Amino acid sequence: MTPKQAADPSGWKTAFAHTLRIPPARIKHLNPIQRSVDARASKVKIRLKAEVFIDEQPAEIRKITRKTFADVSHKPPVIVVGAGPAGLFAALTLIENGLKPILIERGKDVKARKFDIAQINREHIVNPDSNYCFGEGGAGTYSDGKLYTRSTKRGNVGNILEILVAHGAADDILIDSHPHIGTDKLPAIVGAMRQTILDAGGEICFNRRISDLIIQNGKIRGVVDKNGNSCEAQAVILATGHSARDIYDLLQHKGLALEAKSFALGVRAEHPQELIDGIQYHHSPRDPYLQAASYSLVKQIDGRGVFSFCMCPGGTIVPAATEAGQVVVNGMSNSRRNSPFANSGIVVQIEPADIAHLSGFGAFAGLEFQRQVEDACWRAAGMRQAAPAQRITDFTKGVNSSSLPDCSYYPGIVAAPLHEILPPFVAGRLRQAFVEFDKMMKGYHTSEALILGTESRTSSPVRIPRNPDTLEHVGLAGLYPCGEGAGYSGGIVSSALDGVNCALAAVKKIKR
Ligand SMILES: Cc1cc2nc3c(=O)[nH]c(=O)nc-3n(C[C@H](O)[C@H](O)[C@H](O)COP(=O)(O)OP(=O)(O)OC[C@H]3O[C@@H](n4cnc5c(N)ncnc54)[C@H](O)[C@@H]3O)c2cc1C
């Protein structure tokens, strides 16, 4: 269909009837399955796949509604630490299986969190418990809400999407090949999920940063928060995300195994959205019925992958630091993706061998590497939440930018030599990659585009190893390292799937 035809579902029946060469009246029901943008030819098309019921009604038309669960308030409790996608979906799965979740979150509820986020942008003050990464909904809340995942073998992706729809997401996410929700819609969805948990008798505690584990006879017995309040249960699902560096410290202090793993670090690139639309849709300004265009780039440079990450069409770059003294950038967009900018992380894969000079930090070498680059960016931009920035073409030439174009990053940008600030093995690969990317997307390497440092929290540089059969920590029965912080997922949907899997593993053990 043309983008205009596809934008009006009331005309879909006629379009399918035309394709099937039957009168529209013979189509009794249309069940859309998949929708994608096909921009390969000069005329962009929307491809729609649907189940078509000709001369018959479907046996049942499924309606997605919020489930009500049996009360679990007196059932055996399971502690879930962290209310990000992994923790929230773990809590819902526990309820569904008759156990009581006690969800403990260091940050504030999703509404109160907004004030701290505004403070980072306006006052450059980072609250270490409430920011773009910490607080109800986790790192996925003030994001683009992209729901695309390659982790389809880890569980039922459709089920995760249906739960989001049942809590207020638009049902388009069930058919779009690259679904996204948008930061303007996510807080209400997270709030509705909280209500489902509370209605079923689960508990949710905010402003409680977990700082200790209760361990007896080689088994976990509970957790203790920073104020000394303890909470006990037979199982603890630890879903604290990749920025909870204090949790890694705690585990090490307790003598629990941790492993270094590969991760990625680089910059966030920002182009005018019109420029990206022109490249991807062969036409600018884009057709008003098309969404802002996105891209996905990957190139091997000197034995390491350099790739685009978390692309936010029509989005803004945001400050994702979790403490003072660091500058970390990431991206988000609202549901309409209507800002004039297109941003994306452009990051280099980092293997433990690349940071052998930090091997004295053991499993924490990657964390130390992130810390050093985040600190260098903070210093370069005046020790505030402003970000060091450079035009892409100046970066590849190795010269300072004498002026900077407009940028969506609210705390402000400062011209700085990122080609010198980033470690040489990262900067060198990025410089080559930008030139290579221009061969894939003519016009990508342009003086109109900016890069900001640093995109360092793409994935966890640490893994909390678990038994592949029971999903418990290899050295502590009853502790379930879960989600992105444990090193077993990346992104909203795969973290949600890991939350479901850890909860099911805990249910199996407790019920046995
Ligand atoms: C700005 C931004 C945009 C993003 N955009 C996207 C996107 O569009 N699509 C996508 O798939 N992914 C996106 N991501 C990544 C995605 O958000 C993460 O992959 C995902 O949230 C990880 O889920 P998680 O539950 O494992 O951890 P998190 O979401 O990190 O949640 C961990 C939770 O644990 C809490 N916590 C930490 N320590 C403690 C403690 N000691 N005690 C109690 N609670 C604690 C934190 O406050 C937090 O709420 C984005 C990330 C950011 C920062």
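Bear in mind the structure is a predicted one, so any value in this text is a computation, not a measurement.

Caption draft 1: Structural detail: the overall build of the chain. The helix and strand tally for the chain stands at 13 helices and 21 strands. Expected size for 512 residues packed as a compact globule is a radius of gyration near 24 Å; at 24 Å, the chain falls within 12% of this value. Along the longest, intermediate and shortest principal axes, the C-alpha atoms of the chain span 70 × 65 × 40 Å. For the chain, with 512 residues in total, the buried portion stands at 56%. Contacts in the chain between residues at least 24 apart in sequence constitute 71% of all its contacts with a sequence separation of at least 6. Accessible surface computed for the chain: about 21900 Å², of which carbon and sulfur atoms make up 50%.

Caption draft 2: Quick peek at the nonpolar core. Counting 90 residues, the largest nonpolar core has Leu164, Val223, Ile237 and Leu251 as the members making the most contacts within it. Of the residues that make up this core, three or more belong to each of domain 2 (77-258 + 464-511) and domain 3 (261-455). If sequence neighbours within four positions are ignored, Val223 has contacts with Ile79, Val81, Ile104, Ile210, Asp212, Leu213, Ile214, Asn229, Ser230, Cys231 and Val236. Counting 64 residues, the second largest nonpolar core, distinct from the first, contains Trp12, Phe16, Ile279 and Tyr409.

Caption draft 3: Examining the domain arrangement of the chain more closely. Domain assignment breaks the chain into domain 1 (3-54), domain 2 (77-258 + 464-511) and domain 3 (261-455). Between the C-alpha centres of domain 1 and domain 2 there is a distance of 38 Å. Each side of the interface is counted separately: domain 1 has six residues, and domain 2 has five residues. Between domain 1 and domain 2, the buried area comes to about 440 Å², and carbon and sulfur atoms account for 43% of it. Our count for the domain 1 to domain 2 interface comes out at two salt bridges. Ranked by residue count, the leading element in the side of domain 1 that touches domain 2 is strand 1 (residues 27-38), at five residues. Looking at the side of domain 1 that touches domain 2 residue by residue, the classes come out as three nonpolar, two polar and one charged.

What counts and how
Residues numbered from 1 in each chain as written. Predicted model: local features only at pLDDT ≥ 70, side-chain atom pairs only at ≥ 80, totals over all residues. Heavy atoms only, no water. Helix = DSSP H or I, 4+ residues; strand = E, 2+ residues; numbered from the N terminus. Rg over C-alpha atoms; globule rule 2.2 N^0.38 Å. Buried < 20%, exposed > 50% of the residue type's maximum accessible area, 1.4 Å probe, protein only. Contact = heavy atoms within 4.5 Å. Areas by Shrake-Rupley, 256 points an atom, 1.4 Å probe, with all protein chains shown as cover. Core = buried A, V, L, I, M, F, W, Y, C linked by side-chain atoms within 4.5 Å. Domains from an automatic or database assignment. Buried area = accessible area lost by both parts, 1.4 Å probe. Salt bridge = Lys/Arg side-chain N within 4 Å of Asp/Glu carboxyl O. Nonpolar A, V, L, I, M, F, W, Y, C, P; charged D, E, K, R; others polar.

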